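The lines below spell out each chain.
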Amino acid sequence: TDKLKDAKIVFVVGGPGSGKGTQCEKIVAKYGYTHLSSGDLLRAEVASGSERGKQLQAIMQKGELVPLDTVLDMIKEAMIAKADVSKGYLIDGYPREVKQGEEFEKKIGAPALLLYVDAKAETMVKRLMKRGETSGRADDNEETIKKRLDLYYKATEPVIAYYEKCSIVRKVSRNTERNMMLQSNMTSVLSLTP
Ligand code: AP5
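Everything numeric in this text was worked out from a predicted model, so none of it was measured.

Quick notes on the overall build of the chain
Move 1: In terms of regular secondary structure, the chain is built from eight helices and five strands.
Move 2: The N-to-C order of helical and strand elements in the chain reads β-α-β-α-α-α-β-α-β-α-α-β-α.
Move 3: Sorting the 194 residues of the chain into buried and exposed places 44% on the buried side.
Move 4: Intrachain contacts of the chain at a sequence separation of at least 6 include 77% that bridge at least 24 residues.

Here's what the structure looks like:
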């Protein structure tokens, strides 16, 4: 944990299919952050075929949240593994609920910023249904997408309100194809000064 003491942490939060992963790739290309996606870390564990992976798969297929300790431990391990090379971390898909944010702060540290990737519900559903045709992701089907969306509004949106209190939320709207590219104002969005 000592290694992470001075790390700059940016939480990336948004609904399913809002474009979190897509925007993170662009930020990495431009600003050199280390991108850690909670969903990708969990899917890697599932792909490993481990017993823990099997349990995670059952939860993710239903569009529910996996246990907090599991996801936080995975993120922490991945952060430590990359600590020497990182200018800062984009923690994508975390926190999913206020409690996750509190535990992260206790065990790792406070975020410098929260990047809120905003998109309309209908846009998110359309994108995920389209991705489902080719992605092979077990959770990209109509029923699970609806559950993921409901959970986002119920559990994750309060996270944004929680961090708005300390003025570290920066919002990017990614509803259309034209917004796909990061704009130059992202430099100020990603600067340390809130
Ligand atoms: P996770 O992998 O985080 O899934 P998600 O939040 O549902 O988000 P996605 O990865 O599906 O979408 P995204 O916002 O990254 O969008 P993307 O850029 O890919 O989590 C999966 C599951 O793991 C959860 O349901 C849960 O079970 C578990 N989990 C994860 N984190 C957890 C946590 N912290 N605690 C507990 N459980 C957790 O884009 C989507 C599509 O749209 C792509 O096809 C893309 O090409 C396209 N697209 C993106 N932007 C645009 C644009 N501007 N215009 C047109 N198309 C676009």
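Okay, back to it.
Regarding the environment of G49
Move 1: Positionally, G49 belongs in the loop between α2 (38-47) and α3 (51-61).
Move 2: Considered as a pair, G49 and G15 are 34 residues apart in the sequence and their alpha carbons are 28 Å apart.

A short note on the confidence of the model for the chain
Move 1: For the chain, per-residue confidence averages 89 on the pLDDT scale, and 89% of positions sit at 70 or higher.
Move 2: Both scores are given for the predicted complex: the pTM is 0.93, the ipTM 0.97.

With respect to the pattern of salt bridges
Move 1: Across all of its chains, the model carries 13 salt bridges by this definition.
Move 2: Residues E103 and K106 are paired through a salt bridge, measuring 3.0 Å at the closest nitrogen-oxygen approach. Remark: K106 and E103 occur in helix α5 (residues 98-107); sequence separation between them is three residues, near one turn of the helix.
Move 3: We note a salt bridge from D139 to R148, for which the minimum N-O separation is 3.7 Å. Side by side, D139 and R148 carry an identical accessibility label, which is buried.
Move 4: When salt bridges that share partners are traced, they join R131, R137, D139, D140 and R148 into one network.

Calculation criteria
- Residues numbered from 1 in each chain as written.
- Predicted model: local features only at pLDDT ≥ 70, side-chain atom pairs only at ≥ 80, totals over all residues.
- Heavy atoms only, no water.
- Helix = DSSP H or I, 4+ residues; strand = E, 2+ residues; numbered from the N terminus.
- Buried < 20%, exposed > 50% of the residue type's maximum accessible area, 1.4 Å probe, protein only.
- Contact = heavy atoms within 4.5 Å.
- pLDDT = per-residue confidence, 0-100.
- Salt bridge = Lys/Arg side-chain N within 4 Å of Asp/Glu carboxyl O.

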